[in-house]
Amino acid sequence: MTAALWLSRYRCKIAIVDSGEYRNRWTQASHGYLGADPDTPTGLRERALRDLDRYGTASVVDTQAVDARGAAGGFAVTLDRGDELRARRLVLATGVRDVFPDVPRFFDHYGSRIFHCPSCDGYEAKDQPVVAFGWSAEVAGFARGLLQWASSVTVVTDGRRFEGDERHRSALAEAGVGVLTDEVVELCGDPGELCAVRLRHGGVVPCTYAFFSIAHEPRNDLAAALGCALTDEGCVAVDDDGCTSVAGVYAAGDLTPGLQYVQVAAAKGALAGTNCALSLRGDDGG
Ligand SMILES: Cc1cc2nc3c(=O)[nH]c(=O)nc-3n(C[C@H](O)[C@H](O)[C@H](O)COP(=O)(O)OP(=O)(O)OC[C@H]3O[C@@H](n4cnc5c(N)ncnc54)[C@H](O)[C@@H]3O)c2cc1C
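A few points on the structure. (Residues numbered from 1 in each chain as written. Predicted model: local features only at pLDDT ≥ 70, side-chain atom pairs only at ≥ 80, totals over all residues.)

1. Quick notes on the site of the ligand
Rules: Whether a residue is near a molecule or strand depends on its C-beta atom, placed from the backbone, lying within 6 Å of it. We count a stretch as a helix when DSSP gives it H or I for four or more residues in a row; a strand needs E for two or more, and each element gets its number in order from the N terminus.
Close contacts around the ligand come from 34 residues, with R23, N24, G95, G253 and Y261 the closest. Residue assignment for the shell around the ligand shows that the elements contributing at least two residues are α4 (118–121) and α8 (262–279).

2. Quick look at the sheet that holds strand β9 (residues 129–133)
Backbone-to-backbone hydrogen bonds pair the strands of a sheet. The strands run either parallel or antiparallel. For clarity, the threshold we go by: Should DSSP find at least two bridges between two strands, the strands are regarded as paired. A residue pair is marked as a contact if its C-beta atoms, positioned from the backbone, fall within 7 Å. Geometry is summarised by axes, namely lines fitted to C-alpha atoms with helices restricted to the contacting stretch, and by angles between N-to-C directions that run from 0 to 180 degrees.
Spatially, 5 strands are ordered β8-β15-β9-β10-β11 in an open sheet, and the strand pairing comes out parallel. Bordering the open sheet on either side are β8 (114–115) and β11 (178–180), each of which pairs with just one other strand. Pairing analysis gives 3 bridges linking strand β10 (residues 152–156) to β11, with the strands arranged parallel. Counterpart to V155 in the pairing with β11 is V179. Here helix α5 (residues 139–146) sits on the sheet in contact with β9, β10 and β15 (209–212), set at roughly 165 degrees to β9.

3. Considering the nonpolar core
The criterion, for reference: By convention in this section, buried Ala, Val, Leu, Ile, Met, Phe, Trp, Tyr and Cys residues joined through C-beta atoms within 7 Å make up a nonpolar core. Residues with at least 20 other C-beta atoms within 10 Å of their own are called buried, those with 12 or fewer are called exposed, and the rest are partly exposed. The C-beta atoms themselves are positioned from the backbone.
Formed by 35 residues in total, the largest nonpolar core has its most connected members in A3, V91, L92 and A251. Elements with a contribution of two residues or more to this core: α1 (2–9), β1 (14–17), β3 (65–71), β6 (90–92), α7 (221–226), β17 (249–251) and α8. Looking at this core, the element that brings in the most residues is α8, giving 6 residues. If sequence neighbours within four positions are ignored, A3 has contacts with V91, A93, A252, G269, A272, G273 and C276. Ranked by size, the runner-up nonpolar core spans 30 residues in total, among them V131, V139, V177 and L187.

4. Observations regarding the sheet that holds strand β14 (residues 204–206)
Reading across the sheet, the 3 strands line up as β12-β13-β14 and stay open at both edges, with antiparallel pairing between neighbours. Only two strands of the sheet have a single partner each, and these edge strands are β12 (184–188) and β14. Strand-to-strand twist across the sheet, computed as the mean angle between neighbouring axes with direction ignored, equals 20 degrees. In this structure, β12 lies alongside strand β13 (residues 196–199), joined through 4 bridges in antiparallel fashion. Among the inter-strand pairings, V184 is bridged to a residue of β13, identified as L199.

5. Some details on the environment of S112
For S112, the location among the structural elements is in the loop between α3 (106–109) and β8. If near-sequence neighbours (up to four positions away) are discounted, S112 is found in contact with Q28 and G192.

6. Here we look at the packing of α5 against helix α6 (residues 166–174)
Here is the rule: Reported orientations rely on four angle classes, namely roughly parallel under 35 degrees, roughly antiparallel over 145, roughly perpendicular from 65 to 115, and oblique for the rest. Nonpolar residues are Ala, Val, Leu, Ile, Met, Phe, Trp, Tyr, Cys and Pro. Charged residues are Asp, Glu, Lys and Arg, and all others, Gly as well, are polar.
Where α5 meets α6, the closest approach of the two axes is 9 Å, and the angle between their N-to-C directions is 10 degrees. Taken together, the axes of α5 and α6 are roughly parallel relative to one another. Counted together, A140, A143 and R144 of α5 and H168, A171 and L172 of α6 form the full contact between these two elements. Among the residues forming the contact of α5 with α6, the class breakdown is 4 nonpolar, 1 polar and 1 charged.

7. Brief notes about the packing of α1 against helix α2 (residues 41–55)
Which entries qualify depends on this criterion: Crossing handedness follows the turn of the near helix against the far one: under a right angle anticlockwise gives a left-handed crossing, and clockwise gives a right-handed one.
Where α1 meets α2, the axes come as close as 10 Å, and the angle between the chain directions of the two elements is 20 degrees. Relative to α2, the element α1 is oriented roughly parallel. The crossing of α1 and α2 is left-handed. On α2, the residues that touch A4, L5 and S8 of α1 are D51, L52 and Y55. Class assignment for the residues of the contact of α1 with α2 results in 4 nonpolar, 1 polar and 1 charged.

Have a look at this one:
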């Protein structure tokens, strides 16, 4: 929407194709956006739509784009509902899809007491007992990092083997972080009031917040269909102006490499939108 805002200021006509699955739609408070800390994701979105409305050049198309390809004079985007949009330029901002732990009642607490990003939500867990769900070697650094805020951290692998080696184990032990490989049978507490994690073999780990470190997958289908170069992690590679490797295609937000914050996504959108608009100068119909 920030790309659309800057394109609007350059008097371009824009269609925002959006399937509405914002990554942070589960959370009640989005933190760290200057001038709006905290705000709800819907609050931010509603204000953004009002800003766009003032220009009257952007329309929101509430559907999924299922394909995109080069076409005469630009690009053709196929929509889930069956029709096709034509555009001279594309800005891709399709974000990432998070992989969630498969634990009972996860969504009773996700976005209120369970999060994936310590930078975004660790502050709210200050001086609280915290569980870190995960089993990869990276969980060692993730769990130790949480001690910046938490009073205690316990790693719970939910029945999987912890993949860290002796070095990771001793780093965790040194920091006082326990590793429990038992399966999770229950997240205790009313929705939004997590108080403990109950394990298959009888253990109960008290915690008021939990964080998880599993994976997030860039939603790069459209970028791949267009032939955009991807990084090893599957993000869309962009230069400093937000240009992808395909002329006329720009990308912004979590889909591109780097820090995943709303403010960073918005800043990348401003770059992509502005450079996209500038690229239309002298182009017929620009
Ligand atoms: C639980 C949680 C809490 C967070 N808390 C914070 C926080 O406190 N502070 C902070 O700065 N950041 C936070 N983040 C991170 C923040 O949400 C992201 O960095 C930011 O939303 C990225 O914006 P984006 O526009 O790139 O992606 P998104 O906001 O995910 O938007 C991508 C959009 O593209 C749409 N889309 C995808 N594919 C298609 C398609 N084929 N056709 C049509 N539409 C499509 C999706 O439906 C979605 O609407 C949090 C994330 C989560 C998951």
